[in-house]
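# Fold and geometry: a report
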Amino acid sequence: MNKLIADLTSFFDYSLKEPWFFTEFSFLLCLALFLLLYAFFTPKSPWKLLYLIAFSLFFYYKSSGPFLLLFILIIFCDYAIALWINRLEGNKRKTLLVFAIIYSLSFLLYFKYSNFIIVNLNSLLLTKFETKSLFLPIGISFYTFQSLSYIIDVYRKEIDPSKNILDYGFYMTFFPHLVAGPIVRAKDFLPQIQNPIVFDHPILKESLLRICTGLIKKLLLADFLGKYVDLIHEAPRGFTGLENLLAMYAYSFQIYFDFSGYSDIAIGIALMLGYRMKENFFNPYTAENITVFWRRWHISLSLWLRDYIYIPLGGNRKGLINTYLFLLITMLIGGIWHGADWKFVFWGVGHGLFLVLHKLLPKPKENDRQWTRVLGIMFTFHVVGLFWIFFRASSFASAFDSIHQVVINTNLTELIGFCNVRPEIIILLFVSAIIIFLPWKWKEIIINRVISLPLYLWPIIFLIALQLILQFRDSTIEPFIYFQF
Amino acid sequence: MSTELSYLRKQMLKTFNKSRNSLLAGSLILGLPIILLHIYNYNPYTFHILDIELRKIKTETINKEDLIVLNSSKLSNKTKKTIITNKDKELESKVIDVSHRILFLGDSETERLKYPLNAYCEANNHKLEAVFTWYSATILNFGFSKKADSLIKKYKPTLIVFVVGLNELRAKDLEKREKAAKQFRAKIGKTPYLWIGPANYREDEGINLIFENTADEGHFFLSKNLKLDRASDNRHPSKKGCEVWMDSIASFIRASSVYNFKFEKPKTTDVKFKAKVIMANAAKDKGY
């Protein structure tokens, strides 16, 4: 009993080191209790919005503590700026937009990039500015992009500014997308506030399936693969080429399961609350080229970069060379958005170069489609996997060590020994590959079969899934990879 | 007009009721399994299916009390005695400029520990000949199988470093393990050795005591009191943890009269790894 009371008391504490994830069982229980009351609000009731905002703010407080105040301040300022922009015309309107963009980015620059800038300035100018120990408020990269898109859309007159702070606050704080996306656009989301979807049993099953698959992807597959990846990347030189190669595959699968698992849970929860968020992943590793890959991977970020960076720069309207240059700049920004480190810059520019290269190459003939498609999928997957090494490695040196081992020291005959020592990794990689490369049509058939199961079976499905997760997981849950961005 | 309005109102009410019922069902479907799992969590009983224990939500949570801080008062008497005696002897004993050929044996703990050990070997003119990593192994595997014998015979090391025990912290069949430890000690024979105790992530049921009593005086390094950074599995020490662990082992070696060879801290841990690595999995091949 004392244990229960102690657990309940500590529940209201926040922890900057251990944010409250969707994958915490305490969160899922809290969500169930939250829904119990949520069910009694009428669809357009302002109390429903207030109730949701309050829960979202509590969710953010659990992960970011005092930074909640900063977040609220940003919401109020954005709301006021958007209204102000809407009233102005001409140069004044433009000036205010520039101010709003600088102001919005300043928080991100300070918390995420100031130490990176200081370190690089020190090494360039031989200065001795001191770095600061800064906590990166959770979700800041995501909500900064959301607020920017809102202000820019108002400036472009693509949307009217929200007349009600509750609506805008709800859009920004909506907890399913608050900390790690998908990056939701105001023009997609705000209209839903007045017209939420009608929640019925088929939608309930769809949302439950999304939550369930998200949990399995994250807790069962990604976390397990992550342990092997962590081991290899601690000292890549101490492992064989084959082990490094398998770590590359494992990380490619891990990051997909981790982030798409998060997106699945977020989309599932949003659906339960009556709001539909756009898909963030669509079988990305079955893309036959890098351009298609970026249409299917982290779709909300790709579209954001396209609409707010690539197209305003000039897109493909200013000649071929400029098009390629704009593409590189866009991918560079996309890279550095992921983290304040040169390896992310390298990762972004690398992807940018491959996008340019793909645009330069002639398109395959219709007759060759079948085999070029298979080759294209394999090639694209390996190029993406190669760049993931830089994304995951602790440093450039470590990434090059890993690649060196793969290129120089890979001996496929060692696979038998590897299967003997780490059979669980082989099984997991095999299962992951099947899930990832299964054609979408087949996945749809499976999804429809599961959704057609009667509702009374769902608590049992959930119980089995959760117990399975418990059987395989360790004491701590790894944070979502995209939490840190 | 009023009929139309009344019809619309009825439709809206119907939709609202439908939506509310679905949400309540969703709340129940999400909540019920978690409530059941929490009830199971706070219940002292554990259930089994086909001999597999159904794990609880917080079963594996490591309590803060289990994280043991390095504290000399917590070192075992035997280790303390060795260190104190050897501190006295430190001035008397002379470090011999000897180059050892080292065989490193053990469970999965060897996987990360081999790198700082290799760095120490390189810096002090020793050669790490081979590393035998036996995943999931316990002292039973090393004691009752012939693996250790054949490796010792093959590599003829001048020093054996041995670490085991992480997979048997919960073991209660201590008599059997004591027998295995003694058999392993017999296999080592007269070859100089260093027996490293497991890097406990929780309190053990007595396995450290068995190892300590089996090893000759001054040959056992008790690791359980070290506070080490852990890898993502929260059990094995991480790369950083292993470096700290190795530094502690090296301090023990330097302070001991049993080991009179050079073992200074290397300037860098980024050293090329050249030793032969042999791997086996006790889950598939227990060896006896």
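Just so you know, these numbers come straight off a predicted model, no measurement behind them.

With parallel pairing, 6 strands are arranged side by side in an open sheet as E7-E6-E5-E3-E4-E8 (chain B). With one partner strand each, in any of the chains shown, strand E7 (220-221) and strand E8 (276-281) of chain B form the two edges of the open sheet.

All names here are of chain A. Formed by 107 residues in total, the largest nonpolar core has its most connected members in Phe-27, Tyr-150, Phe-175 and Leu-273. Ranked by the residues each element gives to this core, the list is headed by helix H4 (residues 67-87), at 10 residues. Those residues within four positions of Leu-273 in sequence are excluded, and the remaining contacts are Phe-34, Leu-35, Tyr-38, Lys-48, Leu-52, Phe-174, Phe-175 and Pro-176. Of all hydrophobic cores here, the second largest spans 86 residues; its members include Leu-242, Phe-253, Leu-355 and Ile-436.

What follows deals with the interface of chain A and chain B. Often the size quoted for an interface is simply the accessible area lost on bringing the parts together. Facing 51 residues of chain A, the contacting portion of chain B comprises 50 residues. Between chain A and chain B the total buried area reaches about 4600 Å² when both faces are included, carbon and sulfur atoms providing 65% of it. Inspection of the region where chain A meets chain B yields 1 salt bridge. The partner of Arg-422 of chain A in a salt bridge is Glu-111 of chain B, and the shortest N-O contact between them spans 2.3 Å. There are 6 residue pairs in polar contact (both at pLDDT 80 or more) connecting chain A and chain B. When contributions to the side of chain A that touches chain B are tallied by element, the ones reaching two or more residues are helix H1 (2-11), helix H2 (25-38), helix H10 (201-234), helix H11 (241-272), helix H18 (414-421) and helix H21 (458-472) of chain A. Looking at the side of chain A that touches chain B, its residues break down into 31 nonpolar, 8 polar and 12 charged.

The next thing to look at is the pairing of strand E6 (residues 193-196) of chain B. All names here are of chain B. Here E6 shows no split at all, with Tyr-193 and Trp-195 on one side and Leu-194 and Ile-196 on the other all buried. Bridge analysis of strand E5 (residues 159-163) against E6 gives 4 bridges, and the strand direction is parallel. Paired with Ile-160 across the bridge in E6 is Tyr-193. Of the crossover connections in this fold, the one passing from E5 over helix H6 (residues 174-188) to the parallel E6 is right-handed. As defined by bridge partners, E6 adjoins E7 across 2 bridges and the pair is classed as parallel.

This part covers the packing of aromatic side chains. Applying the stated criterion across every chain yields a total of 84 aromatic pairs over all chains. Arranged with centres 5.9 Å apart and planes meeting at 25°, the rings of Phe-253 of chain A and Phe-381 of chain A form a pair that is stacked. Taken together, the positions of Phe-253 of chain A in helix H11 and Phe-381 of chain A in helix H16 (residues 369-392) put the pair 128 residues apart, joining distant regions of the chain. Directly above the aromatic system of Phe-239 of chain A lies the positively charged group of Lys-114 of chain B, at a separation of 5.5 Å from the ring centroid.

The rules behind these values
Residues numbered from 1 in each chain as written. Chains lettered and ligands numbered in written order. Predicted model: local features only at pLDDT ≥ 70, side-chain atom pairs only at ≥ 80, totals over all residues. Heavy atoms only, no water. Pairing = 2+ DSSP bridges. Helix = DSSP H or I, 4+ residues; strand = E, 2+ residues; numbered from the N terminus. Core = buried A, V, L, I, M, F, W, Y, C linked by side-chain atoms within 4.5 Å. Buried < 20%, exposed > 50% of the residue type's maximum accessible area, 1.4 Å probe, protein only. Contact = heavy atoms within 4.5 Å. Buried area = accessible area lost by both parts, 1.4 Å probe. Salt bridge = Lys/Arg side-chain N within 4 Å of Asp/Glu carboxyl O. Polar contact = N/O pair within 3.5 Å; in protein donor to acceptor, adjacent residues only side chain to side chain. Nonpolar A, V, L, I, M, F, W, Y, C, P; charged D, E, K, R; others polar. Right-handed = clockwise from strand over helix to strand, strands pointing away. Phe/Tyr/Trp six-rings, centres within 6.5 Å; stacked < 30°, edge-to-face > 60°. Lys NZ or Arg CZ within 6 Å of the ring centre and 35° of its normal.

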